[in-house]
Amino acid sequence: MTAQPTDADTPQGVPARDQGIQRHSAMPVRKYRPYEAVGLPDRGWPGRRAEQAPLWCSVDLRDGNQALTDPMDIARKRRMFDLLVDMGFKEIEVGFPTASQDDHAFLRHLVDADAIPDDVVVQVMTPIRDDFIERTVKALEGVPRAVLQIFHPTSEVQRRLVFRKDRRQTTAMALDGAEQALKLQDSIPGTEIYLQYAPESYTQTEPDYALELCNAVLDFWAPRAAHTLRINLPSTVEVFPPQEFADRIEYTHRNLLHRERTILGVHPHNDRGSGVAAAELAVLAGADRVEGTLFGNGERSGNVCLVTLAMNLFSQGVDPMLDLRDIDGIRRIVESCNQLPVHARHPWAGDFVYTSFAGSHQDAIAKGLRAREESGQDVWDVPYLPIDPRDIGRDYQALIRINTQSGKGGIAHLLRTEHGIELPRRLQIDFAAEMQAVCEELGGEITGEQLWEHFVERYVALGTEVAPGLPEAEPLVATPGAAAAAVAGYGLDAVVQGLAVARAGAPLDAVTAALEVVVDSRSYWGVGIADEEGEAVGRAVRAACLRALLDAEPTGR
């Protein structure tokens, strides 16, 4: 017989009968130790509010790149670098020149191509080793301005198990690196070098000792070094909640020597899923600068997402100091460079984040948009939409169903229930825009049969009668790579954005393939339907290419 819960098993004041009672799991919880709080009873950060953006530094080209299964080549790195510059980043980490010949080659490419704008500071990093520091500085020849970050692991477990050094020896290493970096600061004519020290694994280093290390380096640099000094505190691994990170940053901020001439930066990771919160609270606690990546790419669970941080500020009426007006264009470039998709639910930028599937939500959004249009008010205030999607290059097509008659579902519902076909979300959006125009023209309800006819005409049945010289579809392997090769065969300079293959239910009972290609920043879809997967993919490629080619014609459809 199962034991009945008692009031002792429940939160204080809640009778056991009024809730489900959780039981102890079989997880080995005794294997792990809780963190030791720094203890800051007079913390000031909870009472503060963000009123300006921190200094952003993108580490996509170094920390993000080293986490990729297929690291970026020079062409992809250059595309990423140019995107970051266009977005407004003024500090960009470009590599680890002594750890990778590719990083060194890219840095020299930027110099040789004169690609670094005068108002952009690039950052390089090096472990504390005399030869590494010297080679890193040498690689900066020709760079107008650069941050030289020296770092070494400082956590207790690394000191004990990896380096077998005590605190005194670890501090001596930090000072050796500081001296070598200072010696080389003015060694390259025409290049301003800003010195930055980072105690790697800061979050796993005793707070008092991390502060001691930073102050030792600053005290050495301050009377001798030119320019502003920098301290960077990396959450190499995120090991405690964001409020503890904020406490430690405020503790450091309060007690840092030469604070008035020191830029205090943080480098949050997302191992606990709270990188964004940690970064935001760290800024409230005194941090001046935040390092991260676009959409959070990075080692393990990723770096903090700078797009999310910037958009969070924007949604509160704070200038993010970054241009995010074409968030989908930014996402496409990042996906292409990283060869990783951005999740459909990613904050602010995912395909689904401005779409409500619940009818009550859609009704509230529609009423909010109508009220805004009628009132002409400037301040955004629409249910379920924290920002106006148009501010970042989206439109309202994905927010409201095309056929809003009572008892009728949206496009996806009708195609799924009446024809057994599931559309990728971005294809749903594309087709919704087409059907919106049809609805306005016809002025009535679109039936499932009419919907299917328009779908086939637009995406499927594009035959030789409208393009006599176009080759017939050939069966293809269902991979983006094979599709991209086939697209190139049609003479298009296009990027394959997505390929979805699925089996449709009744009445189609066939394989469907949906392919999205992007030509000159414009998206084109093609759909193939066949008994065999390869044939469906081939037809989808042909249909997408034909749509792009027809659009390029002066009289294209």
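Provided above is the structure to which this section pertains.
Residues numbered from 1 in each chain as written. Predicted model: local features only at pLDDT ≥ 70, side-chain atom pairs only at ≥ 80, totals over all residues. Heavy atoms only, no water.

Concerning the overall build of the protein chain
Assigned secondary structure in the protein chain consists of 17 helices and eleven strands. Here the protein chain holds 557 residues, and 50% of them are scored as buried. For the protein chain, the share of sequence-separated contacts (at least 6 apart) that also reach a separation of at least 24 residues comes to 69%. On the protein chain, roughly 27000 Å² of surface is accessible, and the fraction owed to carbon and sulfur atoms is 49%. (Helix = DSSP H or I, 4+ residues; strand = E, 2+ residues; numbered from the N terminus. Buried < 20%, exposed > 50% of the residue type's maximum accessible area, 1.4 Å probe, protein only. Contact = heavy atoms within 4.5 Å. Areas by Shrake-Rupley, 256 points an atom, 1.4 Å probe, with all protein chains shown as cover.)

As for the packing of aromatic side chains
Within this structure, the stated rule accounts for seven aromatic pairs. An angle of 65° between the planes, with centres 5.4 Å apart, marks the rings of Phe-431 and Phe-455 as edge-to-face. Of this pair, Phe-431 sits in helix H14 (residues 425-442) while Phe-455 is found in helix H15 (residues 448-460), placing the two residues 24 residues apart along the sequence. Considering the side-chain rings of Phe-431 and Tyr-459, the 5.6 Å spacing of their centres and the 80° angle between planes classify their relative orientation as edge-to-face. One end of the pair, Phe-431, is in helix H14; the other, Tyr-459, is in helix H15, with 28 residues separating them in the sequence. (Phe/Tyr/Trp six-rings, centres within 6.5 Å; stacked < 30°, edge-to-face > 60°.)

Regarding helix H9 (residues 275-284)
Among the residues making up H9, those that are buried are Gly-275, Ala-278, Ala-279, Leu-281, Ala-282 and Leu-284. Against helix H8 (242-255), strand S7 (262-267), strand S8 (289-292) and helix H10 (306-314) lie the buried residues of H9. Phi turns positive, to about 130°, at Gly-286, one or two residues after H9.

Here's the deal with the pattern of salt bridges
For the structure shown, the criterion picks out 32 salt bridges. Notably, a salt bridge pairs Arg-390 with Asp-388, separated by 3.5 Å at the nearest N-O pair. A relative accessible area of 6% places Asp-388 in the buried class. Ionic contacts of the salt-bridge type, sharing partners, join the residues Asp-328, Arg-331, Asp-351, Arg-394, Arg-426 and Glu-516 into one network. (Salt bridge = Lys/Arg side-chain N within 4 Å of Asp/Glu carboxyl O.)

No statement about biological role is implied by the geometric values presented.
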